[in-house]
Amino acid sequence: MPDFATKKLLEEGAGRQRETFVVRILYQQNNTWQGEVLWAEQNQKQYFRSALELLSLMDSAVKEGREEERTGKERGESREADGRNGGGKYRRERKASLKTHGPD
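Residue positions are given per chain, counted from 1 along the sequence in the order it is written. Local features in this predicted model are restricted to residues of pLDDT 70 or higher, and side-chain atom pairs are both shown and tallied only at a pLDDT of 80 or more, whereas totals for entire chains, interfaces and linings draw on every residue. Side-chain numbers here rest on the full set of heavy atoms in the structure, without hydrogens or water.

I tried to follow unusual backbone geometry on my own but got confused; where do I start?
For residues other than glycine, phi is negative in most cases, and the peptide bonds are mostly trans. Despite not being glycine, Asn 30 shows a phi value in the positive range, around 55°. In this text, helices come from DSSP runs of H or I with a minimum length of four residues, and strands from runs of E with a minimum of two, each type numbered from the N-terminal end. Residue position: Asn 30 is located in the loop between β1 (21-29) and β2 (32-39). The phi torsion at Asn 31 lies on the positive side, around 60°, for a residue other than glycine.

Help me understand the packing of aromatic side chains in this model?
Working definition: an aromatic ring pair is given by the centre-to-centre distance plus the angle between the planes. Under the pairing criterion, centres of Phe, Tyr and Trp rings, with the six-membered ring standing for Trp, must be within 6.5 Å; the plane angle then separates stacked pairs below 30 degrees from edge-to-face pairs above 60, leaving the rest tilted. On inspection of all chains with the given rule, the structure shows one aromatic pair. With a centroid separation of 6.4 Å and an interplanar angle of 25°, the aromatic rings of Phe 21 and Trp 39 are classed as stacked. Residue Phe 21 is found in strand β1, and its partner Trp 39 is found in strand β2; the two are separated by 18 residues along the sequence. Take Phe 21: its relative accessible area is 21%, and that puts it in the partly exposed class. Per-residue accessibility, obtained with a 1.4 Å probe over protein chains only, is compared with the maximum for each type, and a residue is labelled buried under 20%, exposed over 50%, and partly exposed between these values. Trp 39 gets classed as buried once you look at its relative accessible area, which sits at 4%.

Written out as structure tokens, the structure is:
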């Protein structure tokens, strides 16, 4: 059973988008890890040279995901306000965005 602080953090993050990463450690040199990380939601793979770089990549991905979530909500709210339902143009923009951020 989680302690109080962990439970509080889980409750605060309940409405937020979660990100999934698959980390593959290929080598361990110079007292750190080298390998690859896959950001599952975006299907992006990136190589890292240290554990610090791995954490930095993951942090950037989470921030990017939250930014996309925030701007997506703003777009949806503005579309609802003017009577549009988020039709084809928005879907094309989203597909184009995913293509530019796709796997290397």
